[in-house]
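Chain residues, written in single-letter form:
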Amino acid sequence: MAASGEFPIWEKDGCDWPNRDSSQFVEAGGLHWHVQRMGQGPCLLLLHGTAAATHSWRDLAPILAPHFTLIAPDLPGHGFTSSLPQARVSLAGFSEALDALLKKLQLLPDMVLGHSAGAAIALRMALNGSIAPRAIFSLNGALLPLGDEHAAFFTRAARVMVGLPFVSKLCAWRASKQEVAAKLLRDTGSDIGPRGVQLYTRLFGYPGHIRAALMMMAQWELRPLLRDLPRLTPSLVLLVGSRDRAVPPMQARRIQAILPSARIITLEGLGHLAHEEAPQRVADTLFKEWSYLEQHVTGAAA
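Analysis parameters
Along each chain, numbering runs from 1 in the same order as the chain's sequence is written. Per-residue local features of the predicted model are confined to residues with pLDDT of at least 70, and side-chain atom pairs are confined, for both listing and counting, to 80 or more; whole-chain, interface and lining totals are unaffected and use all residues. Side-chain measures were taken over the full set of non-hydrogen atoms in the model, leaving aside hydrogen atoms and water. Only when DSSP finds a minimum of two bridges between them are two strands counted as paired. The helix count covers DSSP runs of H or I at least four residues long, the strand count covers runs of E at least two residues long, and both are numbered beginning at the N terminus. Axis definition: a line fitted to C-alpha atoms, over the contacting stretch in the case of helices. Angles run 0 to 180 degrees between N-to-C directions. Partly exposed residues are those whose accessible area sits between 20% and 50% of the maximum for their type, while under 20% is buried and over 50% is exposed, using a 1.4 Å probe and protein chains only. Residue contacts are counted whenever heavy atoms from the two residues lie within 4.5 Å of one another. Under this definition, polar contacts are N or O atom pairs within 3.5 Å; protein pairs additionally need one hydrogen-donor-capable and one acceptor-capable atom, and for neighbouring residues in sequence, both atoms have to be side-chain atoms. In these notes, a set of buried Ala, Val, Leu, Ile, Met, Phe, Trp, Tyr and Cys residues joined through side-chain atoms within 4.5 Å is what counts as a nonpolar core. In a helix, the anticipated span is given by 1.5 Å times the number of residues less one. Here a cavity is any set of points on a 1 Å grid over the protein atoms alone where a 1.4 Å probe fits but cannot get out, and a pocket is any open set with protein on both sides within 12 Å along at least 5 of 7 lines; a residue lines the site when it has an atom within 4 Å of a point. Grid points are joined across faces, edges and corners, and a volume is the space filled by probe spheres set on the points. Each residue is assigned to one of three groups, with Ala, Val, Leu, Ile, Met, Phe, Trp, Tyr, Cys and Pro labelled nonpolar, Asp, Glu, Lys and Arg labelled charged, and all others, Gly among them, labelled polar.

Enquirer: What am I meant to see in the sheet that holds strand β7 (residues 235–241) here?
Expert: Strands sit in the order β1-β2-β4-β3-β5-β6-β7-β8 across an open sheet of 8 strands; the sheet is mixed. Sheet topology places β1 (23–28) and β8 (263–267) at the edges, where each strand pairs with a single neighbour. Strand-to-strand twist in this sheet, taken as the mean axis angle between neighbours without regard to direction, amounts to 25°. Of the strand pairs in this sheet, strand β5 (residues 111–115) and strand β6 (residues 135–139) are connected by 5 bridges, and their pairing is parallel. Bridging from a neighbouring strand, H115 pairs with L139 of β6.

Here's what the structure looks like:
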């Protein structure tokens, strides 16, 4: 059944939200944020991708929590976080909003795991100097313009769609049907199971959530990020699902050509939603890489 209203309601849609006990609501940067916070140890910021929310970390977060203090917000306009004004919906705007949230929480991430568009936000924040983590992990990062040579067309098309009020409602109505949502998710190259499909279906039933995703696409300008990337200070690790159909795995090589120090780790047999398909494999990779950083990067600095 299609959802009623524009946005998810915590009292109704969050009643069985994954890791609900770790949820809190924070006012920062003019937004009402839904944030999940759990664990102990070095601070790890988790940034989800377009059209997702904190539910995407549902199985990975509990594995990481004994080793890290996890901070996982719903991005603006996604899940249970309020939306930015349209004029601020951009890579820079999201980065500034998250900077305000981290200042309010008085946290400085030691490491960031960004999935898809979340990876671009993490890099923009680091390049702006608002965060200074030891490492950024880009999990199937959407770091190149959508469609490459056709990027301008896709951006214009998304802007037109955002400007038509009925489009987000139509998209939400269609995507709220579980079989449609399941196909959309399978098309990423991932099989995330019934629970994951159900949670995405719930969010996809809200026009506000769909509109936020469309607005991100419309305003996502990645060329300045790529231009600035060579001056990135934190280590960059590109985690790449070999079956990713949303972000072609070969794109990681193009990022490495811009930043030769970036390392590529291939997650064989996994798609775009690798962290939802195989959370233990992704966690083990993060543990291994963090141990490497502790032994080599910290030791070198000393």
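Enquirer: Mind showing me how you'd approach the environment of D13 here?
Expert: If you trace the backbone, D13 turns up in helix α1 (residues 10–13). Residue D13 is classed as buried on the basis of its relative accessible area of 6%. In this structure, the C-alpha to C-alpha distance between D13 and L199, residues 186 residues apart in sequence, is 9.4 Å. Every residue in contact with D13, bar those within four places of it in the chain, is listed here: P8, F80, R202 and Y206. A distance of 2.7 Å separates the side chain of D13 from the side chain of Y206, its partner in a polar contact.

Enquirer: Please explain the side chain of T54 as it appears in this structure.
Expert: As for its placement among the helices and strands, T54 is situated in the loop between β3 (43–47) and α2 (60–64). If near-sequence neighbours (up to four positions away) are discounted, T54 is found in contact with W17, H34, Q36, H48, A72, P73 and D74.

Enquirer: Before we go on, may I ask you to explain the nonpolar core in this structure?
Expert: As a rule of thumb, soluble globular proteins bury nonpolar side chains together. Judged by nonpolar contacts, the single largest core of 49 residues is most densely connected at W33, I121, W220, L232 and L236. Dropping the residues within four chain positions of it, L236 is found in contact with L123, I136, S138, I255, L259, S261, A262 and R263. With 28 residues, the next largest nonpolar core counts L46, A72, F137 and L267 among its residues.

Enquirer: Help me understand helix α3 (residues 91–105) in this model?
Expert: For an α-helix, 3.6 residues make a turn, and residues three or four places apart therefore share a direction. Its 15 residues give α3 an end-to-end C-alpha distance of 21 Å, which sits within 8% of 21 Å, the value for a rise of 1.5 Å per residue. Within α3, the full set of buried residues consists of L91, G93, F94, S95, A97, L98, D99, L101, L102 and L105.

Enquirer: Explain empty space enclosed by the protein here, please?
Expert: Rolled over the atoms, a probe with the dimensions of a water molecule shows which regions are left empty. Inspection of every chain in the model, using the stated rule, returns 3 cavities of 30 Å³ or more. Around the largest cavity sit 15 residues that line it, and N140, G141, V240, V247 and A252 are the ones nearest its centre. Among the secondary structure elements, those contributing two or more residues to the lining of the largest cavity are β7 and α11 (251–258). Looking at the lining of the largest cavity, its residues break down into 10 nonpolar, 4 polar and 1 charged. Taken as a whole, the second largest cavity spans an internal volume of roughly 60 Å³. As for the second largest cavity, its lining consists of P76, G77, H78, S83, L84, V89, F94, A212, M215 and M216. The greatest single-element share of the lining of the second largest cavity, amounting to 3 residues, is contributed by helix α9 (residues 207–219). Here the lining of the second largest cavity is composed, by residue class, of 7 nonpolar, 3 polar and no charged.

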